[in-house]
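Survey of secondary and tertiary structure
One-letter residues, chain by chain:
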Amino acid sequence: MAGVNGPEPAPSRVLAVVLNYNGGADVLACLDTLRAQTWPALEVLVIDNASTDGSLAAVRARHPEAAVIANDTNRGFCAASNQGLNRAVAGGHAAALLVNDDVLLEPDCVAQLVTALERDPAVGVVGPKVLFEPERDRIWCAGGVLDYRQNLSRLRGHWQPADRFTEPGAVDYVPGCALLVRREALEAAGRLEEDYFAYLEDVEFCYRVRRAGFAVRYEPGARAYHRVSRASGDRYSPLRKYLNARNSVHFLRRHGTVRTWLAFWLFDVATLPAAWLHQALRGRGAAVRAKARGIWRGLRGEKGPPARWPAARRPPDQPA
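Residues numbered from 1 in each chain as written. Predicted model: local features only at pLDDT ≥ 70, side-chain atom pairs only at ≥ 80, totals over all residues. Heavy atoms only, no water.

Side note on the pairing of strand β14 (residues 215-226)
For clarity, the threshold we go by: DSSP bridges decide pairing: two strands pair if at least two such bridges lie between them. Elements are defined by DSSP. Helices are runs of H or I of four residues or more, strands are runs of E of two residues or more, and each kind is numbered from the N terminus.
Strand direction decides the pairing type here: strand β7 (residues 103-105) and β14, joined by three bridges, are antiparallel. Its bridge partner being in β14, L105 is matched across the sheet by A224.

Notes on the nonpolar core
Put simply, the test is: Throughout, nonpolar core names a set of buried Ala, Val, Leu, Ile, Met, Phe, Trp, Tyr and Cys residues whose side chains join them through atoms within 4.5 Å. With a 1.4 Å probe rolled over the protein chains alone, any residue whose accessible area is under 20% of its type maximum counts as buried; one over 50% counts as exposed, and the rest are partly exposed. The criterion used for residue contact is that any of the two residues' heavy atoms lie within 4.5 Å.
Residues V125, Y148, V181, F205, V209 and F251 are the most contacted members of the largest nonpolar core, which totals 59 residues. Here this core gets seven residues from one element, more than from any other, and that element is helix α7 (residues 238-255). Those residues in contact with F205 that sit more than four places away from it in its chain are V125, L179, V181, L186, G190, R191 and L192. Counting 38 residues, the second largest nonpolar core, distinct from the first, contains L34, A95, C109 and C177.

Some remarks on the packing of aromatic side chains
Cut-off, in case you're wondering: Under the pairing criterion, centres of Phe, Tyr and Trp rings, with the six-membered ring standing for Trp, must be within 6.5 Å; the plane angle then separates stacked pairs below 30 degrees from edge-to-face pairs above 60, leaving the rest tilted.
Per the counting criterion, the structure on display carries five aromatic pairs. Ring centres of Y148 and F251 lie 6.4 Å apart, and the angle between their planes is 50°; on these two criteria the pair is classed as tilted. Of this pair, Y148 sits in the loop between β10 (144-146) and β11 (153-155) while F251 is found in helix α7, placing the two residues 103 residues apart along the sequence. Accessibility assignment for this pair places Y148 and F251 in one class, buried. Here Y207 and F251 contribute two aromatic rings whose centre-to-centre distance is 5.4 Å and whose plane-to-plane angle is 80°, an arrangement assigned as edge-to-face. Taken together, the positions of Y207 in helix α6 (residues 201-211) and F251 in helix α7 put the pair 44 residues apart, joining distant regions of the chain.

Digging into the environment of A170
Counting through the fold element by element, A170 comes out in strand β12 (residues 169-170). Sequence spacing of A170 and E219 is 49 residues, and the spatial spacing of their C-alpha atoms is 9.1 Å. Residues contacting A170, with those up to four places away along its chain left out, are V216 and R217.

As for the packing of helix α9 (residues 272-280) against helix α10 (residues 285-299)
Counted only if it meets this: What counts as an axis is a line fitted to C-alpha atoms, over the stretch in contact for a helix, and the angles between N-to-C directions run from 0 to 180 degrees. Working definition: roughly parallel below 35 degrees, roughly antiparallel above 145 degrees, roughly perpendicular at 65 to 115 degrees, and oblique for all remaining angles. Polar here means any residue other than Ala, Val, Leu, Ile, Met, Phe, Trp, Tyr, Cys and Pro, which are nonpolar, and Asp, Glu, Lys and Arg, which are charged; Gly is therefore polar.
Direction vectors running N to C along α9 and α10 enclose 155°, while the axes themselves pass 7 Å from each other. One element, α9, and the other, α10, form an angle in the roughly antiparallel class. Two secondary-structure elements touch here, α9 through L272, A275, W276, Q279 and A280 and α10 through G285, V288, R289, K291, A292 and I295. Residues that form the contact of α9 with α10 fall into these classes: seven nonpolar, two polar and two charged.

Below is the structure:
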């Protein structure tokens, strides 16, 4: 359609990067919601981290429109995501959308995010309101806050009713499960830090985006639904706690100040004995011990894939 002053500009090209690791039916459902998006210039790239459950073959059969990168090994969230981000930059896309394989998007989610990005050139990253799936009545996150206390950061609005956090605005970070980033922000801030392997890489990435002069924004008009921690167990799984703790130390070694290190020691490390007692009574003592190991190995400089993987509880529909 022609505008008043000539043809209207073509819609911005967006590359959705979907990471799959033994995603089963989840990744197919995720791709179904991407196929249903109203944004007309959306392309999809699936990066498979050496799945063994047949999900890659199922993706190719059900979604032949999606491009695929099939890795021979599990490269982790960061390295695999960077494969997609590199392709987005090389392909001249205006933005890249990181999407976990256990995330579903409302049909207008991408359109809402792109509109928020295009409305303000100062915005480098924007994320949706993310609700728990399948309940959809509680918020998983409305952006995030970097507070340097327990677990270094926290999710805004976590577990609050879905009708809260209705105003858009600046946040410290948005989780990488559903994150739209402008190409110029990628070029200025770089890619995800692969030393993290998984967890807190989105916090660190958004930190660098903000240091590069771009804003990070929460857009509640865009909605996504997250089946939380399908790959690494629930919130208190040993693997999740281990990687979060280790990567908190890695973040502080790179970006910490005297004040933030002090807050970490006071609120996160010194409280470990009380946290262990509290969680042990609920059968979660192993997760706190894994957190302590993660802090210790972070202080010793461990990066990338963990030297020894603590056991993680997997949902019953996921392979062991």
